[in-house]
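Listed here are the chains, written in short residue letters.
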Amino acid sequence: MATRLGDESLGNKPLENRSSENTSLENRSSENRSLGNRSDKAGIGEIELLQSPDRPMTADAILEDFTHYFGRLLGRRTIRTRSPYPYQAVVFAVRDRLMERWGKTRMALERNNNRRVAYLSLEFLMGRLLRNALLNLGVEAETREALSRLGLEIEEVYERELDAGLGNGGLGRLAACFLDSCATLSLPVIGYGIRYQYGMFHQRIDNGYQVEEPDPWLREGFPWEVKRFEFAKRIKFGGRTTSYVDSRGETRYLWVDTHDVMAIPYDVPIPGYRNDVCNTLRLWSAAATDAFNLEEFNAGDYGDAVAAKNEAENITMVLYPNAETYNGQELRLKQQYFLASASLQDTIRFWQSLHGDDFAGFADKNVFQLNDTHPAIAVAELMRLLIDELHMGWDEAWDITGRTMAYTNHTLLPEALEKWPVAMFRRLLPRLLEIIYEINARFIAEISHRWPGDSERIRRMSLIQEGDEPMIRMAYLAIVGSFSVNGVAGLHSRLLREGLFRDFAELWPHKFNNKTNGVTQRRWLAACNPGLSDLITEAIGDDWVVDLSQIGRLRDHADDREFQRLWRHVKLANKVRLSRRLTELTGIEVPPAMMFDVQVKRLHEYKRQLLNVLHAVHLYDRIRRGDGDELVPRAIIIGGKAAPGYAMAKRTIKCINNVARVINSDPIMADRLRMIFYPDYNVSAMELICPAADLSEQISTAGKEASGTGNMKFMMNGAITIGTLDGANVEIREAVGEDNFFLFGLNVEEVQAMRGHYRPDDIIDADSDFSRVVKLLESGHFNRFEPGVFDDVLRSIREPSDPWMTAADFRSYVDAQARANAAFRDVDDWTRKSILNTAASGRFSTDRTMRDYNDEIWHADPIVLEV
Ligand code: 26V
């Protein structure tokens, strides 16, 4: 029945067979150490290259390899600290050690025939990889020693690595934490993403305004990646569809006259924590097909040939930097389809390399986890590959699709829900449109069967939103095509079931589930906060690194005065470190004894950085009025990027910077209040910031933040949260206890109940503190030379239709801040709360999250390496 995917239909070279997926490595105990060896199982013309023994994990051997790569590969003689070469040479030395594990993991995957998980995501916000790799391999001390013999400080080498900023924020960073946890749990998970030439833009602050600059992160090369040209895939765009009746009387569909683009994979190793597993992140890069170029070249049109090449490569040129607002750009849809198609083809090829054309067990052995709707076109693409390329019948293909796809939703905001114009699909992906129409027709038949005559329900649930410009609702496509739909925190999953996806939850209650997010404690505690990490390990041992539930044992030390003193000592050292950096970046001195009050995350109205500004102005006003005696010295630190097209968010950055400038240049404020905007906030910045935070600002309008993960990083590092009952804050508060969390604000039900009769003007007038704050802002006190710049921002607070209800929560926020202030004055009690926060963070490890995914969605067996 089925034919092989590929060859003529894809214009590719024949399928790679078993042993070309299998870069055969021989383990240390092998008796046969000859170099070239004809394999019995391998076909004719295959030679197994047996590896030399594993490289030792000693400082001597690392130094030897460093020297080798520095001199012989990179061609350098002199070590200059600021050059990229020492960093690159270290990576090559480390990579040798990863390669051995990578090969063994690949072999185990083939041998065990495990169920495999493909995590499909348009974003993997990896940050830097070196320190994490050394930690997981267990060679940080040895590498430090090797470098120190050359007079190099390992920290300086770390600093030379550029962040892989292939993501916007929470969703992308979550994917990166997932990979670390899956490798550590030996779960057979491969990440599929896009190798953007330009990652998240760099943010410069110019006169308080955000200026975006490109992020050419690949300019000096990315020494971690391995290009795997042999696994390139062909991706179709455009063209038209035709059909014919085959010899057995079946109608077959062809997608012809397409403009094809090649997807070239680059693999990045993902080491588990000291378990010898090394998983893969496979990033696709777009390239022109050779045929495409040649045709036009031969026709004498060199210019067109180059233009075609550029157009192909454009697909993976740049990450879209607008988190949480969808704007239907065609290139973005191309990126989505490009990722989905390449990754599915890759999975099918791997299957065929082991099982030939027998797809009977495919659905039992593969799961595709969709990271939001961004890769949701995979539902239709898998149908296309199975039906058109592998000649399967609809029902069989739909059964496989519905048993392999699982969808995670990451936002309730209506403006983030992806809808693509039908017309765009028809132009770009005509065959996929036909398939989506067919899925929809069958789905609507199912609704009609269940609710006869309910045309209103059909209109609501249809995959096609009718209107002047009909749109495809990607979330609905994902739900219909998946066996699992999950939210990312308890509250969020409930709101999905009761609100956004209510009709679907009524139809298929069994599909809906929750998987509360987490973060990896390897990066977000062990690596970024070595001081605290050592202190914790001295107290309770080091099991917490792989089993964060153990960190609960810190509770026994929360009242221990000596332990509290050491805890404070570490926090202070981290604050000194951050303070230095803040001064380098902004020129502002920040006394480390101050309370470090931190809000770092993407700029968005729903996250309410503006509420934070209102509080800052309130403190400033109190101190100026001589009403600040009770106030502890405080440094308000805010960081984050605004989407380049998001005017209100950009204006909020300007507002933060202007308020900061007035505060920081007022001599009365010195030693009492500082305010800093941290420029170009990214993963590496968070690694410096979260160990130094005292107070973690999680102040979104209830019901808007799906989960939050920064909240978990801060908690893990001993910061105390001031927050609303939103996202995972709810679970954080439950875990740490209400005494160790500063709660404020309306809850979801209260927010909903207030809509329609919200009167911000009245709220402002009735509150003298609030009135003074708004008056100061409206008077132009913070924008003397730029009248009117804050009009829009300030008007939004007074708007009865303000969706974020900033004014509604002002009073309760200021009161909660006063409680935080009072608590900070009691040094011992604050330290106790801080310890209890870290101690209660056990649930918020992605190790737990990944176990939940695996136990309840994936059901994959861990990888067993050959001993
Ligand atoms: C949407 C779009 C629209 C098109 C342009 C590019 C783009 C990029 C991202 C998004 C959606 C972002 C959704 C998101 O990041 N959600 C966050 O997910 C975190 C992990 O689950 C969660 O902790 C945050 O609360 C949630 O806001």
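For the structure itself, look to the data block above.
Residues numbered from 1 in each chain as written. Predicted model: local features only at pLDDT ≥ 70, side-chain atom pairs only at ≥ 80, totals over all residues. Heavy atoms only, no water.

Enquirer: What's the story with the pairing of strand S26 (residues 720–723) in this structure? I'm lost.
Expert: Regular strands place side chains that alternate from one sheet face to the opposite one. Side chains Ile720 and Ile722 project from S26 onto one buried face, and the interleaved Thr721 and Gly723 project onto a second face that is buried too. Bridge count for strand S25 (residues 695–698) against S26 is four bridges, and the pairing is parallel. Along S26, the bridge assignment pairs glutamate 697 with isoleucine 722. On the question of chirality, the crossover connecting S25 to the parallel S26 by way of helix H27 (residues 710–716) is right-handed. Pairing geometry for S26 and strand S27 (residues 742–743), over two bridges, is parallel. Considered in S27, the bridge of isoleucine 722 is made with phenylalanine 742. Handedness of the crossover is the feature at issue here: the chain leaves S26, passes through helix H28 (residues 729–736), returns alongside S27, and the resulting connection is right-handed. (Buried < 20%, exposed > 50% of the residue type's maximum accessible area, 1.4 Å probe, protein only. Helix = DSSP H or I, 4+ residues; strand = E, 2+ residues; numbered from the N terminus. Pairing = 2+ DSSP bridges. Right-handed = clockwise from strand over helix to strand, strands pointing away.)

Enquirer: Sorry, what's going on with the pattern of salt bridges here?
Expert: Side chains carrying opposite charge are able to pair once their charged atoms draw close together. Throughout the structure, instances matching the rule amount to 75 salt bridges. Where aspartate 267 meets arginine 228, a salt bridge forms, and the shortest distance between an N and an O atom there is 3.7 Å. Taken together, the positions of aspartate 267 in strand S13 (residues 259–271) and arginine 228 in the loop between strand S9 (226–227) and strand S10 (233–237) put the pair 39 residues apart, joining distant regions of the chain. Overall, the relative accessible area of 2% leaves aspartate 267 in the buried class. Aspartate 767 is the partner of arginine 811 in a salt bridge, and the nearest nitrogen-oxygen pair spans 2.8 Å. Of the two residues, arginine 811 sits in helix H33 (residues 810–825) while aspartate 767 sits in the loop between helix H30 (760–765) and helix H31 (768–778), which places them 44 residues apart along the sequence. For aspartate 767, a relative accessible area of 11% corresponds to the buried category. Residues joined by salt bridges that share partners form a network here, namely Asp621, Arg625, Asp767, Asp769, Arg772, Arg811 and Asp815. (Salt bridge = Lys/Arg side-chain N within 4 Å of Asp/Glu carboxyl O.)

Enquirer: Sorry if this is basic, but what is going on with the side chain of asparagine 740 here?
Expert: With respect to the element layout, asparagine 740 can be found in the loop between H28 and S27. Within the structure, the side chain of asparagine 740 is placed 2.9 Å from the backbone oxygen of valine 736, a separation counted as a polar contact. (Polar contact = N/O pair within 3.5 Å; in protein donor to acceptor, adjacent residues only side chain to side chain.)

Enquirer: Sorry, what's going on with the sheet that holds strand S19 (residues 471–473) here?
Expert: Pairing is antiparallel in the open sheet, where three strands are placed in the order S17-S19-S18. The sheet terminates laterally at strand S17 (419–421) and strand S18 (464–465), the two strands that pair on one side only. Pairing of S17 with S19, which is carried by three bridges, proceeds in the antiparallel orientation. Paired with proline 421 across the bridge in S19 is methionine 471. Against the sheet, helix H18 (residues 474–481) engages S17 and S19, with an angle of about 45° to S19. (Contact = heavy atoms within 4.5 Å. Axes fitted to C-alpha atoms, helices over the stretch in contact; angles between N-to-C directions.)

Enquirer: Is there a simple way to think about the pairing of strand S6 (residues 189–194) in this case?
Expert: Counting buried residues in S6 gives six out of six residues, a clear majority hidden from the surface. Side chains of S6 alternate between two faces, with Val189, Gly191 and Gly193 and Ile190, Tyr192 and Ile194 buried alike. Sheet analysis places strand S3 (residues 116–120) next to S6, joined by four bridges and oriented parallel. Bridge pairing in S6 links leucine 120 to tyrosine 192.

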